[in-house]
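Topology and contacts: notes
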Amino acid sequence: MGASSEALTQVLIPVAALVGIGFALLQWLLVSRVKVSSHDSSNGYKVKLIEADEEEECIDNIEISIKCAQIQHAISLGATSFLFTEYKYLGIFMGVFGVIIFLFLGSVKGFSTKSEPCTYNKGNTCKPALANAVFSTIAFLLGALTSVLSGFRGMKIATYANARTTLEARKGVGKTFITAFRSGAVMGFLLAANGLLVLYVSIYLFKLYYGDDWEGLYESITGYGLGGSSMALFGRVGGGIYTKAADVGADLVGKVERNIPEDDPRNPAVIADKVGDNVGDIAGMGSDLFGSYAESSCAALFVASISSFGINHDVTAMSYPLIISSMGIVVCLITTLFATDMFEIKNVREIEPSLKQQLLISTILMTAGIAMVSFFALPSEFILFDFGNEKEVKNWHLFFCVSIGLWAGLVIGYITEYYTSNAYSPVQDVADSCRTGAATNVIFGLALGYKSVIIPIFAISISIYVSFSLAAMYGIAVAALGMLSTISTGLAIDAYGPISDNAGGIAEMAGMSHKIRERTDALDAAGNTTAAIGKGFAIGSAALVSLALFGAYVSRAGIKSVDVLTPKVFIGLIVGAMLPYWFAAMTMKSVGSAALKMVEEVRRQFNSIPGLMEGTAKPDYANLLEQRRQQQVICLRTK
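Scope of this entry: the structure provided in the associated data block. No experiment lies behind these values; they were computed from the predicted model shown.

Comments concerning the overall build of the chain
Counting its regular elements, the chain contains 19 helices and 6 strands. A compact globule built from 639 residues should have a C-alpha radius of gyration of about 26 Å, and the chain, at 25 Å, falls within 12% of that. Each principal axis of the C-alpha atoms in the chain carries an extent, and together these give about 80 × 50 × 50 Å. Counting every position in the chain, which comprises 639 residues, the buried fraction comes to 55%. At a minimum sequence separation of 6, the contacts of the chain that also span at least 24 residues come to 80%. In the form shown here, the chain has an accessible surface area of approximately 26600 Å², with 64% of it arising from carbon and sulfur atoms. Positive and negative side-chain charges of the chain, numbering 47 and 52 respectively, have mean locations separated by a distance of 4 Å.

As for the packing of helix α10 (residues 320–342) against helix α11 (residues 351–377)
The relative placement of two packed helices comes down to the angle between their axes together with the axis-to-axis distance. Axis separation between α10 and α11 bottoms out at 8 Å; the angle between their running directions is 145°. Like other packed secondary-structure pairs, α10 and α11 cross with a definite hand, here right-handed. Here the contact of α10 with α11 is built from residues that sort into 16 nonpolar, 8 polar and no charged.

Description of the pattern of salt bridges
Considering all chains together, one arrives at 8 salt bridges under this definition. For Lys 394, the salt bridge identified is with Glu 381, shortest N-O distance 2.7 Å. Linking Lys 394 in strand β6 (residues 389–394) with Glu 381 in strand β5 (residues 381–386), this pair joins segments that are 13 residues apart in sequence. Under the relative-accessibility criterion, Glu 381 is labelled partly exposed at 42%. In this structure, Arg 435 and Asp 432 form a salt bridge, with 2.8 Å as the shortest nitrogen-oxygen distance.

Observations concerning helix α17 (residues 514–557)
The end-to-end C-alpha distance of α17 is 63 Å, a good match for the 64 Å that 44 residues give at a rise of 1.5 Å each. Positive phi appears at Gly 558, one or two residues downstream of α17, with a value of about 75°.

Structural notes on empty space enclosed by the protein
Under the counting rule described, the total for this entry stands at 8 cavities of 30 Å³ or more. Each pocket or cavity is described by its volume, and for the largest cavity that value is around 120 Å³. Forming the walls of the largest cavity are Thr 9, Gln 10, Ile 13, Tyr 200, Ile 203, Tyr 204, Lys 207, Tyr 218, Val 315, Ser 319 and Leu 322. Partitioning the lining of the largest cavity into residue classes produces 7 nonpolar, 3 polar and 1 charged.

Some thoughts on the nonpolar core
Phe 177, Tyr 320, Ile 351, Leu 398 and Tyr 474 are the most contacted members of the largest nonpolar core, which has 112 residues in total. Ranked by the residues each element gives to this core, the list is headed by helix α4 (residues 173–210), at 19 residues. In this view, Tyr 320 contacts Ile 370, Val 373, Ser 374, Ala 377, Leu 378, Leu 398, Phe 399, Val 402, Tyr 474 and Val 478; residues no more than four positions away in its chain are not counted. Counting residues in hydrophobic clusters, the runner-up holds 41 residues, among them Phe 82, Ala 169, Phe 234 and Val 253.

Let's talk about the layout of surface pockets
Considered as a void within the structure, the largest pocket measures approximately 1900 Å³ in volume. Lining the largest pocket are 50 residues; nearest its centre among them are Arg 236, Asp 288, Lys 535, Ala 538 and Ile 539. The element that contributes the greatest number of residues to the lining of the largest pocket is α17, accounting for 11 residues. Residue classes in the lining of the largest pocket are distributed as 28 nonpolar, 16 polar and 6 charged. As a volume, the second largest pocket reaches approximately 880 Å³. What lines the second largest pocket is a set of 31 residues, and nearest its centre among them are Leu 105, Ser 136, Glu 219, Thr 222 and Arg 556.

Some remarks on a nonpolar patch on the surface
Where nonpolar side chains cluster on the molecular surface, the patch consists of Leu 233, Ile 571, Val 575, Met 578, Leu 579, Trp 582, Phe 583 and Met 586 and spans about 720 Å² of accessible area. With 7 residues, helix α18 (residues 567–608) is the largest single contributor of residues to the nonpolar patch. Looking at where Trp 582 falls in the secondary structure, it is placed in helix α18.

Digging into helix α6 (residues 223–257)
The first and last C-alpha atoms of α6 sit 50 Å apart over 35 residues, in line with the 51 Å expected at 1.5 Å per residue. Its axis deflected by about 30° at Asp 251, α6 carries its strongest bend there. Of all 35 residues in α6, 25 are buried, a share of seventy percent or more. Asn 259 sits one or two residues past α6 and shows a positive phi near 55°.

Overview of the packing of α11 against helix α16 (residues 487–510)
At a minimum axis separation of 10 Å, α11 and α16 run at an interaxial angle of 160°. With respect to their mutual orientation, α11 and α16 come out roughly antiparallel. Regarding α11 and α16, the two cross each other, and that crossing is left-handed. Between α11, through Ile 351, Leu 355, Gln 358, Leu 359 and Ser 362, and α16, the contact on the second element is made entirely by Thr 489, Ile 493 and Tyr 496.

Some thoughts on the side chain of Asn 278
Position of Asn 278 relative to the elements: it lies in helix α7 (residues 270–305). With a relative accessible area of 0%, Asn 278 lands in the buried category. A distance of 2.9 Å separates a polar side-chain atom of Asn 278 from the backbone oxygen of Lys 274.

Remarks on unusual backbone geometry
A positive phi angle, close to 55°, is found at Ala 472, a residue other than glycine. With respect to the element layout, Ala 472 can be found in helix α15 (residues 454–483). Here Ala 472 falls in the buried class, since its relative accessible area comes to 1%.

Calculation criteria
- Residues numbered from 1 in each chain as written.
- Predicted model: local features only at pLDDT ≥ 70, side-chain atom pairs only at ≥ 80, totals over all residues.
- Heavy atoms only, no water.
- Helix = DSSP H or I, 4+ residues; strand = E, 2+ residues; numbered from the N terminus.
- Rg over C-alpha atoms; globule rule 2.2 N^0.38 Å.
- Buried < 20%, exposed > 50% of the residue type's maximum accessible area, 1.4 Å probe, protein only.
- Contact = heavy atoms within 4.5 Å.
- Areas by Shrake-Rupley, 256 points an atom, 1.4 Å probe, with all protein chains shown as cover.
- Lys, Arg positive; Asp, Glu negative; His and termini not counted.
- Charge placed at Lys NZ, Arg CZ, Asp CG, Glu CD.
- Axes fitted to C-alpha atoms, helices over the stretch in contact; angles between N-to-C directions.
- Left-handed = near helix turned anticlockwise from the far one by under 90°.
- Nonpolar A, V, L, I, M, F, W, Y, C, P; charged D, E, K, R; others polar.
- Salt bridge = Lys/Arg side-chain N within 4 Å of Asp/Glu carboxyl O.
- Expected span 1.5 Å × (residues − 1).
- 1 Å grid on protein atoms, 1.4 Å probe; cavity = no way out; pocket = protein on both sides within 12 Å on 5 of 7 lines; lining within 4 Å.
- Points joined across faces, edges and corners; volume = space filled by probe spheres on them.
- Core = buried A, V, L, I, M, F, W, Y, C linked by side-chain atoms within 4.5 Å.
- Patch = residues over 30% accessible without salt bridge, like charges linked within 9 Å, V, L, I, M, F, W, Y side chains within 5 Å.
- Bend = angle between axes of the 7 residues up to and from the residue.
- Parallel < 35°, antiparallel > 145°, perpendicular 65-115°, else oblique.
- Polar contact = N/O pair within 3.5 Å; in protein donor to acceptor, adjacent residues only side chain to side chain.

Here's what the structure looks like:
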């Protein structure tokens, strides 16, 4: 690779990131261009609402529009309050854990400030351990901050768009779908583009100090992935506890005890339920997928830094993971236009097929993009580290590694959609089992869940085997990156779900017409499936990323083999297998405890507020949200 390709690489990556940010802002602008006007609400604050178009049928009166805007405002306030409370404790965690990282890494060589011989680039000297400790800590903080901002931005656009989606339903299901999907695309492109840009700029700035010491540079940059995944843990679990506790509490008192609809405005817990959708399924999922994206990128970069790429200082080949992500942004941009501009949804039956087409189109286009990137960025042959040995790899080997991860993601997405969509027999069988009671329903549901993991596990296993055979641990790292290369489209599809769910709830609470609720319910039904697809991508990519991180670790530590029959190793495997159950038990207990408190508060309001059940009095949403926030503080402190 010559100087021209290096210069092109250094321009291509930031330009692709900026294009992604610009496209996200354009989608936000298109959503915000829906006509709005300001009205004073009874609470004394200004609210924005979509103006009624009298030429359209099924237009509700202006009071309903004002009510939608008030509900949106309450949801936004609740979600923002929760995230600020969560981020306050995350800030403390970031500071404490950053100090621990610095102390642990710096103490490896006694906080030495002397340069040392490089481990892999023989004959050269590398920067001191103290420098690696400092820059790893900085990278950790950058990754954590990027993850926090990604989740927060996703939540803000979701709470900005939910009432707009509801009110656009007056113009037809097509307009409703486009508004919800564009809002989800804002989150998807902002997360992918910001993650890529911050990582690229961090590498460039770190290089000013490290110079030719690429081994130390990319070792320190791995802190970026650690920061992203650390925040994902809190965001996913904290938000998940909130949303499930609110959902359970609202349903137990509302639907079971009082026999009122799910999103009835008389139920004090419905606002908390809608807040939970945003902080759990939007902010939490955004942080989760960003953590996987950052970890896979950093793992691939580090493994490459101790290969012939790093030793020969081949900038273009080293940047292969970043170029894949850049190509992914461009491909997802084109794919999004198919859903929002090229084809129009005309009836509810076209919603799920359109979302499935997004997955398929992005995968096909990305396969062609990977081929271009692989033959442009990589030399025809190169050497990779393989557990103490040198492995000769060709550029088309890496093309297959990335592609198999990409197509495995498509398989996971389609299988998840099949097992969670009401259009197919698995969900229909579960619904049919309800005729004989709750017991058979639970049995059928569990059986369906267990069965649904079979094909995804085989897809991940085949990906691991093929990618490791072709390019050792580097192949697994780029396979994980391939699965996440279309993260913008995946997140757009995932965020579409909670936005549609909120829209349906707002329609019910505002008392909109039956036809409007039918449209929002159709989007909501598809949204439940898309949320499951997002979880499938998150879990599948996490499996590959965890193995890629293990590969980076053994590469850095110089470990050539791991003996499972060694007692300490076997004990570690058993304990590691136990940890998910322990963690799940703690989170489920937290959900149960929080739901119990919510049930008690909802019951108190129904019993103590005169006229609440009759609809002549309003519930105290603010008090319930404050109690949920305080409970979440307790949950965060116990983590």
